[in-house]
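Overview (structure and organization)
Chain residues, written in single-letter form:
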Amino acid sequence: MSGSLKSLDKKIAKRRQVYKPVLDNPFTNEAHMWPRVHDQPLIWQLLQSSIINKLIHIQSKENYPWELYTDFNEIVQYLSGAHGNSDPVCLFVCNKDPDVPLVLLQQIPLLCYMAPMTVKLVQLPKSAMDTFKSVSKYGMLLLRCDDRVDKKFVSQIQKNVDLLQFPWLNAIKYRPTSVKLLKTTVPIVSKKRQK
Amino acid sequence: MNKDQAEKYQERSLRQKYNLLHVLPTLNSRALSGLYYKNFHNSVKRYQIMLPEQLKSGKFCSHCGCVYVPNFNASLQLTTNTEQGDSDELGGESMEGPKKCIQVNCLNCEKSKLFEWKSEFVVPTFGQDVSPMINSTSSGKVSYAVKKPQKSKTSTGKERSKKRKLNSLTNLLSKRNQEKKMEKKKSSSLSLESFMKS
């Protein structure tokens with residue numbers, strides 16, 4: 001018993017805390033599904049001042065100065081490429097408020113990643129839904145970055161919001177090349193020696 | 001298998017099965033997803049792990065087991081309950097007024113599923129975070145169990161060894177030698193005093 005205890009003491013004394021680098025899991029990045037917004041209060045302030053405050057005063061949707069969608073079904077149709085547009089798009093989502101269900105919040109990053117156009121997914125801070133309820137009841141706002149939209153606003157969003165990262169979806173997004181065989185004729189080259 | 005090794009194996013196997021579920025959409029065969037999905041859930045039941053709500057509903061198709069990828073193998077829609085008519089999932093609540101529902105159509109097995117519009121805020125807990133919690137608690141227990149017997153046994157062993165050493169012959173001889181040395185020192189001091197006096 002004493003021998004084994006001594007050996008245990010020696011083993012414990014020799015061991016020390018070491019951190020080894022291990023490859024991170026590329027398939028599941030739940031912690032990074034929503035791209036990070038570096039300057040959250042600035043973006044929220046810009047969104048309020050340049051977009052939402054103007055929308056509140058306008059009564060009907062036909063008078064909106066920009067092309068934007070607030071209904072979820074319309075957003076899904078637009079992101080599926082039904083309209084054939086290729087302009088960049090910004091999607092603002094209140095993902096930290098209880099009014100938006102989890103099932104929707106799960107699918108929105110994937111939907112934005114699989115869209116044919118480039119989508120900037122912007123997550124809004126907590127209690128942003130209170131301001132959004134007057135504009136859209138689903139807590140989402142899809143804004144097409146046209147010439148009509150303020151360029152400084154768009155550049156600020158481009159600068160402060162990270163890109164979407166789904167490495168396990170790369171193989172799905174880029175389809176394999178469809179190769180077909182074409183039937184033609186080629187002249188036969190004779191290899192006679194010229195005398 | 002050892003307890004630590006068993007827990008590491010559980011974590012590793014669960015993680016691998018979860019990863020394989022995400023690889024399946026890249027393959028062209030659709031029949032495999034159900035097999036892997038069932039295998040994953042069987043291991044979850046065996047190891048008695050509580051999955052977060054995100055994984056239970058809304059991420060995988062409950063019929064064929066594939067991962068919902070919108071615009072690839074799934075399509076999303078918002079509908080009201082009255083439009084559907086026959087809604088089995090919300091049977092109890094269909095008596096009330098028209099309700100919002102999230103309809104996910106799986107394009108692989110061509111079946112749609114309705115999800116209720118829940119407005120409850122759920123704190124997100126991820127699947128990977130659960131297993132290190134288990135490991136940390138288990139390692140804490142193991143370390144706690146190891147320390148106690150060591151302390152008690154080592155103290156008794158030391159005491160016994162001390163007693164044995166005192167009783168041995170070599171120690172007795174060394175004690176006698178020490179006594180002799182002390183006497184010599186005394187005589188030497190006396191001689192010094194005598195020298196000083198003279």
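UniProt lists chain B under the name Ribonuclease MRP protein subunit SNM1, from Saccharomyces cerevisiae. UniProt, in its Subunit section for chain B, records the words "Component of RNase MRP complex which consists of an RNA moiety and at least 10 protein subunits including POP1, POP3, POP4, POP5, POP6, POP7, POP8, RMP1, RPP1 and SNM1, many of which are shared with the RNase P complex." One UniProt comment on chain B, placed under Subcellular location, says "Nucleus".

As recorded in UniProt, chain A goes by the name Ribonucleases P/MRP protein subunit POP3, listed as coming from Saccharomyces cerevisiae. As stated in UniProt under Function, the record for chain A gives "Required for processing of 5.8S rRNA (short form) at site A3 and for 5'- and 3'-processing of pre-tRNA."

Scanning chain B from terminus to terminus reveals six helices and three strands. Its helices and strands taken in sequence order, chain B reads α-α-α-β-α-β-β-α-α from the N to the C terminus. When the accessible surface of chain B is summed, it comes to about 14100 Å², and 55% of that surface belongs to carbon and sulfur atoms.

So, on to helix α2 (residues 31-46) of chain B. Residues and elements named next belong to chain B. Its 16 residues give α2 an end-to-end C-alpha distance of 24 Å, which sits within 8% of 22 Å, the value for a rise of 1.5 Å per residue. Against the buried residues of α2 lie α1 (3-23). Following α2 by one or two positions, Gln48 has its phi on the positive side, about 55 degrees.

The next thing to look at is the environment of B:Asn73. All names here are of chain B. Locating Asn73 in the fold gives a position in the loop between α3 (53-56) and β1 (74-80). With relative accessibility at 3%, the residue Asn73 sits in the buried group. In this structure, the C-alpha to C-alpha distance between Asn73 and Asn105, residues 32 residues apart in sequence, is 8.3 Å. When near neighbours in sequence (up to four residues on either side) are disregarded, Asn73 contacts Cys66, Val67, Tyr68, Asn105, Cys106, Leu107 and Asn108.

Time to look at a nonpolar patch on the surface. Together, B:Leu20, B:Leu32, B:Leu35 and B:Tyr36 give the surface a local cluster of nonpolar side chains, amounting to about 330 Å² of exposed area. By secondary structure assignment, the location of B:Leu32 is in helix α2.

The next thing to look at is the side chain of A:Gln123. All names here are of chain A. With respect to the secondary-structure elements, Gln123 resides in strand β3 (residues 119-123). Here Pro35 takes part through its backbone oxygen, which lies 3.0 Å from a polar atom of the side chain of Gln123. In this structure, Gln123 is in contact with Trp34, Pro35, Arg36, Val37, Gln40, Val93, Asn95 and Lys96, ignoring residues within four places of it in sequence.

Residues and elements named next belong to chain A. Residue position: Pro101 is located in the loop between β2 (89-93) and α4 (102-113). Judged by relative accessible area, which is 2%, Pro101 ranks as buried. As a C-alpha pair, Pro101 and Tyr138 span 37 residues in sequence and 9.5 Å in three-dimensional space.

As a further point, take the nonpolar core. Among the nonpolar cores identified, the biggest contains 58 residues, and A:Leu79 and A:Leu91 are the most heavily contacted of them. Counting residues per element, this core draws most heavily on α4(A), which supplies eight residues. Among all residues touching A:Leu79, those that are not within four sequence positions of it are A:Leu111, A:Cys112, A:Ala115, A:Pro116, A:Met117, A:Val119, A:Leu142 and B:Asn71. By size, the runner-up hydrophobic cluster in this structure holds 26 residues, among which are A:Val37, A:Ile43, A:Leu47 and A:Val161.

Calculation criteria
In this convention, every chain numbers its residues from 1, walking through the sequence in written order. Here every chain gets a letter starting at A, and every ligand a number starting at 1, in the order they are written. In view of the model being predicted, local features appear only for residues whose pLDDT reaches at least 70, and side-chain atom pairs are presented and counted only at 80 or more, with totals across whole chains, interfaces and linings using the full set of residues. Side-chain descriptors were evaluated using all non-hydrogen atoms of the structure, hydrogens and water having been removed beforehand. UniProt positions are given in the numbering used here, feature names are shortened, and annotations may be inferred rather than shown by experiment. Helix numbers and strand numbers start at the N terminus; a helix is a DSSP run of H or I with at least 4 residues, a strand a run of E with at least 2. Areas reported as accessible are Shrake-Rupley estimates using a 1.4 Å probe. Residue values count occlusion only from the protein chains shown. In this scheme, a helix's expected span is set at 1.5 Å multiplied by one less than its residue total. Contact between two residues is taken to exist if any of their heavy atoms lie within 4.5 Å; hydrogens are not considered. The rule is simple: take the accessible area with a 1.4 Å probe, protein chains only, and divide by the maximum for that residue type; under 20% is buried, over 50% is exposed, in between is partly exposed. Residues enter patches when they are more than 30% accessible in relative terms and free of salt bridges; like-charged ones are connected within 9 Å and nonpolar ones (Val, Leu, Ile, Met, Phe, Trp, Tyr) within 5 Å. Any carboxyl oxygen of Asp or Glu within 4 Å of a side-chain nitrogen of Lys or Arg constitutes a salt bridge here. Whenever two N or O atoms come within 3.5 Å, that pair is a polar contact, provided that in protein one can donate a hydrogen and the other can accept it, and provided that, for residues adjacent in sequence, both atoms are side-chain atoms. Only buried Ala, Val, Leu, Ile, Met, Phe, Trp, Tyr and Cys residues count toward a nonpolar core, and they belong to the same one when joined by side-chain atoms within 4.5 Å.

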